[in-house]
Amino acid sequence: MSQLPTAIARVRRLLDLDADPVAIDAHLAVDPALAPLVAAHPGRRIPRGVDGDEIALRVLLGQQVSTAAARTHGARLVAAVGEPVEVPIPGLTHLFPTAESVLDAPDEVFAFPAARRETIRRTALALADGSLDLGVGVDRDEARAALTAIRASAPGRWR
């Protein structure tokens, strides 16, 4: 029962339930390019994720591939270094790996060009060492600057 408030907060964030769709629509409708879209889809919410680290890594896994391929890449990573769990939910066998676990994933798990593998590992390293914070309430400008810095960092830092 002690985890219920956390679970509720995560679901509210996942479904964007704390957004004020009326205020958002009013603000976006001022833009001539967005006004027709707002009129056609009033109150549209943007589903999000509950874990910024996982979303960042999934974005990298899914770059320049189909949704099905992104799902395959994610499943391969989860099977290789995700934490095994025993729960009565069919198909749920592992948790998505932590950033630290991603650093330990063998090269074979990442069926991409070396540059993408390096980007995934540099991102995981930044998440693991705290130089990149994608948690709830993080300053967007700071997160953007940290993400930009990852691309410029030296390859091989994770080893």
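From a predicted model like this one, the values you see are computed outputs, not experimental measurements. (Residues numbered from 1 in each chain as written. Predicted model: local features only at pLDDT ≥ 70, side-chain atom pairs only at ≥ 80, totals over all residues. Heavy atoms only, no water.)

Draft legend 1. View of helix 4 (residues 52-61). Those residues of helix 4 that fall on the buried side of the exposure criterion are Ala56, Leu57, Leu60 and Leu61. For helix 4, the angular spread of buried residues about the axis comes to 140 degrees, placing them on one side. On its buried face, helix 4 sits against helix 5 (67-81), helix 6 (99-103) and helix 7 (114-129). Sitting at the amino-terminal end of helix 4 is Asp51, which places a side-chain oxygen 3.1 Å from the backbone nitrogen of Asp53. (Buried < 20%, exposed > 50% of the residue type's maximum accessible area, 1.4 Å probe, protein only. Helix = DSSP H or I, 4+ residues; strand = E, 2+ residues; numbered from the N terminus. Arc of directions from axis to C-beta. Contact = heavy atoms within 4.5 Å. Polar contact = N/O pair within 3.5 Å; in protein donor to acceptor, adjacent residues only side chain to side chain.)

Draft legend 2. Spatial organisation of the packing of aromatic side chains. Taken as a whole and judged by the stated rule, the model has one aromatic pair. A ring pair is formed by Phe110 and Phe112, whose centres lie 6.2 Å apart and whose planes are at 35 degrees; its orientation type is tilted. The residues Phe110 and Phe112 share a single accessibility class, namely buried. Its end group placed over the ring of Phe112, Arg116 keeps NZ or CZ at 5.1 Å from the ring centre. (Phe/Tyr/Trp six-rings, centres within 6.5 Å; stacked < 30°, edge-to-face > 60°. Lys NZ or Arg CZ within 6 Å of the ring centre and 35° of its normal.)

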